[in-house]
Amino acid sequence: MAQAESHPRKYKVIGTRPVRHDGADKVTGRAIYGADLRLNGMVHGKILRSPHAHAVIKSIDTSAAAKLPGVVAVTTSADFPDLQDKIADLGEGAVNLAHLGANVLAHGKALYKGHAVAAVAATSPHVAQEALSLIKVEYEPLPAVTWVLDAMKDDAPLLHDDVYTKSMGKKADKPSNIAAHIHFEKGDVEDAFAGSDLVVEREFKTASVHQGYIEPHVSTALWNQDGHLTIWTSTQGSFTARQQTAELLQVPISQVTVVPCEIGGGFGGKIAVYLEPVAAMLSRKCGRPVKMVMSRDEVFEATGPTPGSSMRVKIGATKDGKLTAGEAWLAYDAGAFPGGVIGPGCMCVFSCYEFPAARVDGYDVLDNKPKTQAYRAPGATQAAFACESVIDELAEKLGIDPIEFRLKNAAKEGTRRVDGPVYPRVGFIETLEAAKASDHWKSPLEGKNRGRGIASGYWFNIGLKSSAAANVNPDGTVSLLEGSTDIGGTRTSVAMQLAETLGITAEAVHPKVVDTDSVGYTDVTGGSRVTFATGLAAYEVGRDILRQMCERAAILWECDAAEVESVDGEFKTKDKRMTFAELAGKLSQTGGPVVGRATVNPEGPTNGFGTHIVDVEVDPDTAKVTVLRYTAIQDAGKAIHPSYVEGQMQGGAVQGIGWALNEEYVFDGEGRMANASYLDYRMPTALDVPHIDTIIVEVPNPAHPYGVRGVGETPIVPPPAAMAVAVYHATGVRMQELPMSPPKLWAAMQK
Amino acid sequence: MREQLVFFVNGRRHTVVGGDCFLSLSEFLRERLRLTGTKVVCAEGDCGSCSVLVGRPDGDKLAYRTFDSCIQLLFQLDGAHVVTVEGLRHGDELSRVQAAMVEQHGSQCGYCTPGFVVAMTGLLENCARPDENDWRCGLTGNLCRCTGYVPILAAGRQAAGQPGTSLEALYPSGPMLDEMRRLRGESLAMSDGRRQFASPITLAEAIDFLAEHPQAKLVAGATDVGVQINKRMIAPEVFLDLNRVAELEGIDDDGQTITCGARASWAALHAACADRVPEFAAIVSIFGSPQIRHAGTIGGNIVNASPIADSLPFLFVTESELELAGPQGTRTVNVTDFYHGYRQTDLRPGELLTRVRIPVPDRGQHLALYKVSRRRDLDIATFTAGVLLHVAAGKIVEARVALGAVAPTVVRARRTEAFLRGKPFDEATMQAAGEQAAAEISPISDVRGGADFRLQLTRNVFLRFFHERMQAAA
């Protein structure tokens, strides 16, 4: 891999703020999202969903629905291949296909309210909707469980009779809702606690929250008569959507093409397939393109929230403020199928600090909620809420400033995380120093019922596989093809890295996100990886182009290619020079077009740290929290497009504020979500949040030629903890439960 | 009787007959006109992704307001001009709002962007120099999940500082106005064989239609009916559109009483109350988003009979009067006698609410209105209250207390009022009044808050009222 040192520190494109390539399409309404698609002969699919949170499906009779005029196809899980015991690696880890399939269409049992049971396609969405009411399903309702600790009890309603607790590579001997137990340990924990001057232990709980992306899930499928399946969809990963769909339908992967439409937000929730296989099956049955669009209540009730959790964190320290030991017990709900986000939760809970000894136990727990999915730093926000709350309490009791306390213990190059890995150069200390030097931290907070909080957070940020190719146009521009669906402006941040490499302007690169037949394999837009990994692919594409262009210049100049060097958008020998555009115009004379291509698979995390400061005011009568001021500080490695980095920090902070104050899944006594609409699931509006100030710290990532670290996820990690600390300083109450909504905070204030 | 809808979209005239008249505006735009920049996300008027500008005659030109097109039924748009995000460009250039959104990086995933562009355009159309608060309040009807709103607000500020083309310049109203005035004078009705609607222009016609079709669903702003249809809670086959009934229009103020037609929108009511009853104007301003305030009506809020209706504590403590019209003529009912139970009113079959008479509190009276909810704006109340006290020489002469979200209807706390009368206006009295009021109600627990929380809010209201008065006096 290229070394950062071999490249100029002075950038021409990187660090500037060009407008995004798709800007005009977005503001004119011209950008085509999945719901905007219309194909000839297209029909509309709808899904019948379980009204029960837990029930045996005794029978499904679709005959009356099939007879309704306008209905062209009906399907249930009976139409799909039996996937018992099949495991597939879907890019971000191994997945049990039987579970994935049963989530797409229930198999024998409905496991949460909203679980898909059957589907129809009809000539209009209204007819499809009417047809659903004609499907007769006989249910045998079972007791439901929606709180993680209840689900762990021996006498809890059992979701699956074939799930046995996996613990340290061993399988238990009777089925359980506890799908997995994770355990990490470092040093002698008992000994280390015994040697502590102060130990604080607290329990925490958090409610399930939803990613809340604005665009509902949507997919259109056409199963052609030659057996080829084309899917137009809103997905974070067209290749994983292709693979999941092919596996569930048991067709060869090459028989499926996924065309990614513009995507209206994902935050981790648009990686698993929901509609794609169903639309495909309906299309296979009727021979026409089938479009399926979820309503907002379907999005809430049937797609991935992030887990509710119960956590216990115990941390010890010496009088002079050195951490001695940590112990964490984390139970996260996985929802209806195993494989929640407890793993990263366990890895992140103590990841900001140097712990001489620590122990982490984590539990992946099944309950009657939709299968949980990733949500921006999945699992880390809950864990940070617990750990950072305890860290703040320790600092207070030791009489040490919370930033100084963190600085004394901050993870740095060489720190070994509890789960094993040793950090390379990271920028946590720099974010703390920047927080200390910030205007926000230095300005006193005055006024009654007000408080200031600070908290830090960590997220790995992954590498994984990315491919790209680029065609040099005769006018000196470059057309870039990539496979990473663009959610936050990555078309531009990736194009900028190609432009920098080639020495041309960002505007001279024309990026395009293309389908799975038109670019090499590329993993999901997730893990804050695109600007890092696909950016690395673009850099390698640029190097490939430059190498070929040097050879072409050598042909023109009749010299050895080794004599030609490329510097800042020029090709030159000792006595000749030509601009990139000039040479691009002459390629046809030197053997034809130049196409650069690359595929990369960088290993290991890029390690993103952030620290957030917040001021709040709490109404003593109503317990309503008003956010007065907010500053987010983060190490971006190198900010390719600073506005986009700020956008990620601001967006993540506001999602974190929503999580801290208001957002939650509320379940009724039968396990049904009681607030499945924006009317009762309250996401922040422009009036609920202040201006979010940002400070970008740049500690270059040694594993990227331009020093890039992922930035998208870390910003959601610190906010709930920072808000809880601020609320404490405003009210004297340490909230150990999310959300800190007025009724809950009010109740805590009465104690 | 006209039997076709006539309206304009982005300057083009459209006529619609048959079943399409019952579509939502958003579905008509997206599916019939293929104007897919208008997005449907929540289908209940919470997110603003479907925002469009609706122009209606106002004097000698069209006044444009932002609406949620997902909860407008197409027949409500008769005689209006709808401008979508696609209609904002002039020639081959972006509008100033569109250009600012690009330059300030106001779009990440972009799904909310057209709605924001429309809402920001609507704000600038009606407010030349918006300040920070205008922007934040003006965009509460639009949810963005990516940006934290920072670059969107920056785009708003940038656009406001640049010269822009008004909608009047983009779409000269002259030719449209003439036809709109003519359309306004014509009654309208339509059936597609299964469903029917009538859109009369006089009260008499409306009452006749209701007498013939007692099952008819009344539609004014449709902020509630639209949601219920989209959520498949109701599927009406007969609609009575009240949007064009002349007798339901208008707001008058004779110095003592504000009389408003039942169809007065929240936006219009806000304008009428801003100086006269600032306490009520403040409640109206957080009643909902601009989109909801432009569409929703006071009549709808009253007749809907929700125990958490934002307007009711105020109407209860002022003892506002409701004018009801029906086949047997017109009668007047005090709003405190109007509700018989949860979602049950005094309206008799065939009766309509036509006017609301609001006695304006005089200077000697202290009025305070409270709404507690999770978010600041566009939110369902957890608790509402109204307190109106007349204090003379330190003694409470008259007291009226109304509480919402604590019972099946908004209620007057009569025993608390009796307790307060004649007592000195001091902290001890108000504290005791809080206890008295809490003893007088038995609220329920739901997703918005627990019973104990509501009881405490009830207690707190009185002390808060006292302290606010003391602060104001100091």
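Residues numbered from 1 in each chain as written. Chains lettered and ligands numbered in written order. Predicted model: local features only at pLDDT ≥ 70, side-chain atom pairs only at ≥ 80, totals over all residues. Heavy atoms only, no water.

Overview of the overall build of chain B
The helix and strand tally for chain B stands at 17 helices and 20 strands. Projected onto the principal axes, the alpha-carbon positions of chain B cover approximately 70 × 55 × 40 Å. Partitioning the contacts of chain B with sequence separation of at least 6, the portion at a separation of at least 24 is 65%. Carbon together with sulfur atoms contributes 49% to the accessible area of chain B, which is approximately 17200 Å² in total. Within chain B, the 55 negative side-chain charges are centred at a point lying 4 Å from the centre of the 50 positive side-chain charges. (Helix = DSSP H or I, 4+ residues; strand = E, 2+ residues; numbered from the N terminus. Contact = heavy atoms within 4.5 Å. Areas by Shrake-Rupley, 256 points an atom, 1.4 Å probe, with all protein chains shown as cover. Lys, Arg positive; Asp, Glu negative; His and termini not counted. Charge placed at Lys NZ, Arg CZ, Asp CG, Glu CD.)

A closer look at the domain arrangement of chain A
All names here are of chain A. Under the domain assignment, chain A is made up of domain 1 (424-459 + 606-751) and domain 2 (463-600). Domain 1 and domain 2 are separated by 38 Å when their C-alpha centres are compared. Facing the 16 residues of domain 1 at the interface are 15 residues of domain 2. Roughly 1200 Å² is buried in total at the junction of domain 1 and domain 2, and carbon and sulfur atoms are behind 68% of that figure. Three residues, Ile640, Tyr644 and Tyr706, lead the burial of domain 1 against domain 2; their summed loss comes to 41% of the area buried on that side. Taken together, the links from domain 1 to domain 2 amount to 0 salt bridges. The class makeup of the residues in the side of domain 1 that touches domain 2 is 8 nonpolar, 7 polar and 1 charged. (Domains from an automatic or database assignment. Buried area = accessible area lost by both parts, 1.4 Å probe. Salt bridge = Lys/Arg side-chain N within 4 Å of Asp/Glu carboxyl O. Nonpolar A, V, L, I, M, F, W, Y, C, P; charged D, E, K, R; others polar.)

Quick word on the sheet that holds strand S9 (residues 164-167) of chain A
Strand order in the open sheet formed by 8 strands is S10-S9-S11-S21-S20-S19-S12-S33 (chain A), and the pairing between neighbours is mixed. One side of each edge strand has no neighbouring strand; the edge strands of this open sheet are strand S10 (170-175) and strand S33 (737-738) of chain A. (Pairing = 2+ DSSP bridges.)

A short note on the domain arrangement of chain B
Interfaces are often sized by the amount of accessible area the parts lose when they come together. All names here are of chain B. When cut into domains, chain B gives domain 1 (5-86 + 169-241), domain 2 (91-164), domain 3 (249-360) and domain 4 (363-474). Each side of the interface is counted separately: domain 1 has 19 residues, and domain 3 has 17 residues. Summed over both sides, the interface of domain 1 with domain 3 buries roughly 1300 Å², with 70% coming from carbon and sulfur. Remark: the boundary between domain 1 and domain 3 carries 1 salt bridge. A salt bridge links Glu249 to Arg184, with the nearest nitrogen and oxygen atoms 3.7 Å apart. For the pair domain 1 and domain 3, the interface holds 3 residue pairs in polar contact (both at pLDDT 80 or more). Among the elements of the structure, strand S4 (61-68) and helix H8 (203-212) are those that each provide at least two residues to the side of domain 1 that touches domain 3. Residues belonging to the side of domain 1 that touches domain 3 are distributed by class as follows: 8 nonpolar, 7 polar and 4 charged. (Polar contact = N/O pair within 3.5 Å; in protein donor to acceptor, adjacent residues only side chain to side chain.)

Overview of the packing of aromatic side chains
Inspection of every chain in the model, using the stated rule, returns 34 aromatic pairs over all chains. Each ring, one from Trp746 of chain A and one from Phe453 of chain B, has its centre 5.4 Å from the other, and the planes form 55 degrees; the classification is tilted. Here Trp746 of chain A, found in helix H20 (residues 742-750), pairs with Phe453 of chain B, found in helix H17 (residues 451-473), and the two come from separate chains. With a centroid separation of 5.6 Å and 70 degrees between ring planes, the pair formed by Phe7 of chain B and Phe28 of chain B is classed as edge-to-face. Within this pair, whereas Phe7 of chain B is found in strand S1 (residues 5-9), its partner Phe28 of chain B is found in helix H1 (residues 25-32), the two being separated by 21 residues in sequence. A relative accessible area of 0% means that Phe7 of chain B is categorised as buried. (Phe/Tyr/Trp six-rings, centres within 6.5 Å; stacked < 30°, edge-to-face > 60°. Buried < 20%, exposed > 50% of the residue type's maximum accessible area, 1.4 Å probe, protein only.)

Focus: the side chain of Asp333 of chain A
Residue and element names in this part refer to chain A. Among the structural elements, Asp333 can be located in strand S20 (residues 323-335). From its side chain, Asp333 meets the backbone nitrogen of Gly308 in a polar contact 2.9 Å long. There is a polar contact of 2.5 Å between the side chain of Asp333 and the side chain of Lys369. In this structure, Asp333 is in contact with Thr146, Val148, Ser208, Pro307, Gly308, Val365, Asp367, Lys369 and Thr372, ignoring residues within four places of it in sequence.

Structural notes on the interface of chain A and chain B
Contacts between the two partners involve 70 residues from chain A and, on the opposite side, 63 residues from chain B. Contact between chain A and chain B buries roughly 6000 Å² in total, counting both sides, with carbon and sulfur atoms accounting for 57%. Note that Arg145 of chain B and Glu663 of chain A form a salt bridge whose closest N and O atoms lie 2.7 Å from each other. The interface formed by chain A and chain B includes 30 residue pairs in polar contact (both at pLDDT 80 or more). Where the side of chain A that touches chain B is concerned, the elements lending two or more residues are helix H1 (23-28), helix H4 (125-132), helix H18 (642-661) and H20 of chain A. Considering every element that reaches the side of chain A that touches chain B, the biggest residue donor is H18 of chain A, with 8 residues. Across the side of chain A that touches chain B, the residue classes break down as 31 nonpolar, 24 polar and 15 charged.

Considerations on the nonpolar core
By size, the foremost hydrophobic cluster in this structure holds 221 residues, and its most contacted members are Ile315, Phe350 and Met723 of chain A together with Leu389 of chain B. Of the residues forming this core, the biggest block, 11 residues, is contributed by helix H11 (residues 380-398) of chain A. Setting aside its immediate chain neighbours within four residues, Met723 of chain A contacts Val614, Val616, Val625, Val627, Ile657, Ala660, Leu661 and Met740 of chain A. If you look at the next biggest cluster of nonpolar residues, it comprises 46 residues, including Ile14, Val494, Phe532 and Cys550 of chain A. (Core = buried A, V, L, I, M, F, W, Y, C linked by side-chain atoms within 4.5 Å.)

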